[in-house]
Amino acid sequence: MTYSEFQNCLLLADRMITSCALKKMEYGRGYQIGIQFHFSNPQSTSPPDHYAIADIARRNGSRDVHSYARGYRDGSKGLKPDFTG
């Protein structure tokens, strides 16, 4: 992933965070943290497990832990944000 692609993904996450829909906002928050993890650890082959991600979500004050965890998982794998509700 290039720095330009990384910045693009952060911009998309920021747009999701400013959304009024709670699930989309939490997905964006999780995605933003996950893509930062991916960019800083490019050799990492697997993201943290679901329970570790849920714990991160709770510590960050997430109001929808599952959406946050999905976003984090997608971001940490380097995928494009794909929120389908």
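Above this note sits the structure.
Residues numbered from 1 in each chain as written. Predicted model: local features only at pLDDT ≥ 70, side-chain atom pairs only at ≥ 80, totals over all residues. Heavy atoms only, no water.

Asker: Looking at this model, I keep getting lost on the overall build of the chain. Mind explaining?
Answerer: Scanning the chain from N- to C-terminus turns up four helices and zero strands. Starting at the N terminus and walking to the C terminus, you meet the elements of the chain as α-α-α-α. For 85 residues, the compact-globule estimate of 2.2 N^0.38 gives 12 Å, and the chain sits close to it at 12 Å. Principal-axis analysis of the C-alpha atoms gives the chain an extent of 30 × 25 × 20 Å. Counting across all 85 residues of the chain, residues that qualify as buried make up 36%. (Helix = DSSP H or I, 4+ residues; strand = E, 2+ residues; numbered from the N terminus. Rg over C-alpha atoms; globule rule 2.2 N^0.38 Å. Buried < 20%, exposed > 50% of the residue type's maximum accessible area, 1.4 Å probe, protein only.)

Asker: I'm lost on the packing of aromatic side chains in this one. Help?
Answerer: Aromatic ring pairs are defined here through the distance separating the ring centres and the angle between the ring planes. All chains considered together, the criterion is met by five aromatic pairs. Seen in terms of ring centroids, Y3 and F6 are 6.0 Å apart; in terms of plane orientation they differ by 45 degrees. Their pairing is tilted. Here Y3 and its partner F6 are both found in helix α1 (residues 3-17), three residues apart, which amounts to about one turn of the helix. Summarising the aromatic geometry, the rings of F37 and Y72 are spaced 6.4 Å apart at their centres and angled 35 degrees between planes, so their arrangement reads as tilted. Separated by 35 residues along the polypeptide, F37 in helix α2 (residues 22-40) and Y72 in helix α4 (residues 65-76) bring together distant segments of the chain. (Phe/Tyr/Trp six-rings, centres within 6.5 Å; stacked < 30°, edge-to-face > 60°.)

Asker: Would you mind going over helix α3 (residues 50-59) with me for this structure?
Answerer: Structurally, the α-helix is built with 3.6 residues per turn, so residues lying three or four positions apart point the same way. Turning to α3, its buried residues number three or more, namely I53, A54, I56 and A57. Taken end-on, α3 shows its buried residues confined to a sector of 155 degrees, consistent with a single buried face. Facing away from the buried side of α3, by more than 90 degrees, are the exposed residues Y51, R58 and R59. Its buried side turned inward, α3 meets α4. Once α3 ends, the next one or two residues include G61, with phi positive near 75 degrees. (Arc of directions from axis to C-beta. Contact = heavy atoms within 4.5 Å.)

Asker: Would you mind going over the packing of α1 against α2 with me for this structure?
Answerer: For any two helices packed against each other, one specifies the crossing angle of their axes together with the interaxial distance. Close contact between α1 and α2 brings their axes to 7 Å; oriented N to C, the two are set at 160 degrees. By the angle class used here, α1 and α2 are roughly antiparallel. In the packing of α1 onto α2, the handedness of the crossing is left-handed. Contacts between α1 and α2 involve Y3, F6, C9, L10, A13, D14, M16 and I17 from the former and K24, M25, Y27, G28, R29, Y31, Q32, I35, Q36 and F39 from the latter. The class makeup of the residues in the contact of α1 with α2 is twelve nonpolar, three polar and three charged. (Axes fitted to C-alpha atoms, helices over the stretch in contact; angles between N-to-C directions. Parallel < 35°, antiparallel > 145°, perpendicular 65-115°, else oblique. Left-handed = near helix turned anticlockwise from the far one by under 90°. Nonpolar A, V, L, I, M, F, W, Y, C, P; charged D, E, K, R; others polar.)

Asker: Can you walk me through the pattern of salt bridges in this structure?
Answerer: Side chains carrying opposite charge are able to pair once their charged atoms draw close together. Across all of its chains, the model carries two salt bridges by this definition. Residue R29 is joined to E26 by a salt bridge in which the shortest nitrogen-to-oxygen separation is 3.0 Å. Taken together, the positions of R29 and E26, both in helix α2 and three residues apart, correspond to about one turn of that helix. (Salt bridge = Lys/Arg side-chain N within 4 Å of Asp/Glu carboxyl O.)

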